[in-house]
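Summary of the model geometry
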Amino acid sequence: MKNPDRTVVKMKAIAQYEYGSPDVLKMDEVDRPVVSDNTVLVKVHGAAVHAGDWHLMRGQPFFIHFIYGGLRKPQTKILGCDVAGEVVAVGKNVTQFQAGDLVFGDVSESGFGAFAEYVCAPETAIALKPNNLSFEEAATVPVSAVTALQGLRDVGQIQPGQKVLINGASGGVGSFAVQIAKAFGAEVTGVCSANKVKMVKSLGADRVCTRAEMKSQLKQHYYNLILDNAAYNSPFDYFPFLKTPGTLVVVGGSMTRLFQAMFLDLVTSKIGDRKIKFLACKPNQQDLIVLKDAIEAGKIRPYVDRVYPLSEVPVAIHHLEQRQVRGKVAISIYG
């Protein structure tokens, strides 16, 4: 469709007009986005929530106010990065997609907006949806799985046969990381809370260790690569478990630990032959295609904890904030 209708129409969306708790998120009637020459209009069927949503919602840490604008009130009115749906219109310069294509992607670099009935995005932000996933399942993939892929492959430079430790193995990134590391041919140990051990084993981990057991049960100087998705311990706490050479990749967690990891990455970069690296994930269409192929081949599959309707996005984000989610939380726009 090369001549999209530019008539202003309304759509339902979860919007916020102030920073705060999930209570600031309200169902509203807003203008439907209008496709431009270089964008694709997607009718959203599925979305997903992750930590970035509640950071933006609350405006915490405070530097988010500067990055996304709005010192007193948020400029980003509709949250949501992960999206899956159907292309309904394309701009005249779009070449990769046409109306009717089923797609998934990450709209974080084009203004967010997945918690709505429609969203516009550049064609490079999306890819064709895996044909063996529902819209809700597909929507849980882009941000978390791309983060896991880039952390292991690009930053950690994972190799077949390596021994890999995934901390936070039951979370959104971690649940994908366990599967991706196995797909690369690694021997995988997952670390999680005691009530999630069975879930992590179901993902294919060769061994699972609880956080309480970590220091006593993990082998010294055993792991080639550690991916820390729950950076609440000092990076130095993991050094006894790293081989020489070995790499620790820090993905998420408390701001104190993230800044510590960033400092060590930028300033010291290398302590002996044990490296600390900080991952700054970059949305990437080619990585979406890599993941689509792996999912269709049966190597990776999202683990969906719960699916909420669009009206219950505030409840979904509150559930995520409790840090008890297994895998991902999805949103069904028309469910």
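In this text the structure is predicted, and so the values were computed from the model without any measurement. (Residues numbered from 1 in each chain as written. Predicted model: local features only at pLDDT ≥ 70, side-chain atom pairs only at ≥ 80, totals over all residues. Heavy atoms only, no water.)

**A short note on the nonpolar core**
The condition that has to hold: Residue types Ala, Val, Leu, Ile, Met, Phe, Trp, Tyr and Cys, when buried and joined through side-chain atoms within 4.5 Å, form a set referred to as a nonpolar core. When accessible area is computed with a 1.4 Å probe and restricted to protein chains, residues below 20% of their type maximum are described as buried, those above 50% as exposed, and intermediate ones as partly exposed. Per the convention used, a helix needs a DSSP run of H or I reaching at least four residues, while a strand needs a run of E reaching at least two, with both numbered from the N terminus.
By size, the foremost hydrophobic cluster in this structure holds 47 residues, and its most contacted members are Leu-25, Val-40, Val-49, Phe-115, Val-313 and Ile-331. Residue assignment for this core shows that the elements contributing at least two residues are β1 (10–15), β3 (39–49), α1 (51–58), β4 (82–90), β6 (118–122), α10 (313–321) and β16 (328–332). Here this core takes 6 residues from β3, the largest share from any one element. Residues Ala-148, Val-164, Ala-169 and Val-251 belong to the second largest nonpolar core, which totals 42 residues.

**Some points on α10**
Burial of α10 is extensive: 7 of the 9 residues sit out of reach of the surface. Of the residues making up α10, those classed as buried are Val-313, Pro-314, Ala-316, Ile-317, His-319, Leu-320 and Glu-321. Backbone geometry just after α10 places Arg-323 at a positive phi near 60°.

**Quick look at the pairing of strand β12 (residues 242–250)**
Defined as follows: At least two DSSP bridges between two strands are required for those strands to pair.
Inspection of the sheet shows strand β11 (residues 223–228) paired to β12 by 5 bridges, in the parallel sense. Following the sheet pairing, Leu-225 is matched in β12 by Thr-247. Inspection of the sheet shows β12 paired to strand β14 (residues 274–278) by 5 bridges, in the parallel sense. Residue pairing across strands places Thr-247 opposite Lys-275, the latter belonging to β14.

**With respect to helix α5 (residues 172–183)**
Spelled out, the test is: Every helix has an expected span of 1.5 Å times one less than the residues it contains.
Taking 1.5 Å as the rise per residue, α5 with 12 residues should run 16 Å; its terminal C-alpha atoms sit 17 Å apart, in good agreement. Burial of α5 is extensive: 10 of the 12 residues sit out of reach of the surface. Those residues of α5 lying buried are Gly-172, Val-173, Gly-174, Ser-175, Phe-176, Ala-177, Val-178, Gln-179, Ile-180 and Ala-181. Just downstream of α5 lies Gly-185, where phi reads positive at about 90°.

**Observations regarding the pattern of salt bridges**
Defined as follows: Salt bridge criterion: a side-chain nitrogen from Lys or Arg within 4 Å of a carboxyl oxygen from Asp or Glu.
By the definition in use, this model includes 9 salt bridges. Between Lys-282 and Glu-109 there is a salt bridge; the shortest N-O distance is 3.0 Å. Linking Lys-282 in the loop between β14 and α9 (285–296) with Glu-109 in the loop between β5 (102–106) and β6, this pair joins segments that are 173 residues apart in sequence. Its relative accessible area of 54% is what places Glu-109 among the exposed residues. A salt bridge links Asp-206 to Lys-182; its shortest N-O distance comes to 3.1 Å. Here the residue Asp-206 occupies a position in the loop between α6 (197–202) and β10 (207–210), and Lys-182 occupies one in helix α5, the gap between them amounting to 24 residues. Looking at Asp-206, the relative accessible area reads 44%, which means it is partly exposed. Beyond isolated ion pairs, a larger network of salt bridges with shared partners links Arg-153, Asp-154 and Asp-287.

**Here we look at the packing of aromatic side chains**
This is how the line gets drawn: Centres within 6.5 Å make a pair out of two Phe, Tyr or Trp rings, where for Trp the six-membered ring is used; the pair is then stacked when the planes are under 30 degrees apart, edge-to-face when over 60, and tilted otherwise. Charges are assigned to positions over rings by a cutoff of 6 Å between ring centre and Lys NZ or Arg CZ, combined with an angular limit of 35 degrees from the ring normal.
Taken as a whole and judged by the stated rule, the model has 1 aromatic pair. On the basis of an interplanar angle of 85° and a centroid distance of 5.0 Å, the ring pair of Tyr-222 and Tyr-223 is categorised as edge-to-face. What makes Tyr-223 buried here is its relative accessible area of 1%. A cation sits over an aromatic face here: Lys-43 above Tyr-334, 5.2 Å from the ring centre. Here the basic side chain of Lys-129 rests over the ring of Phe-135, its NZ or CZ set 5.3 Å away from the ring centre.

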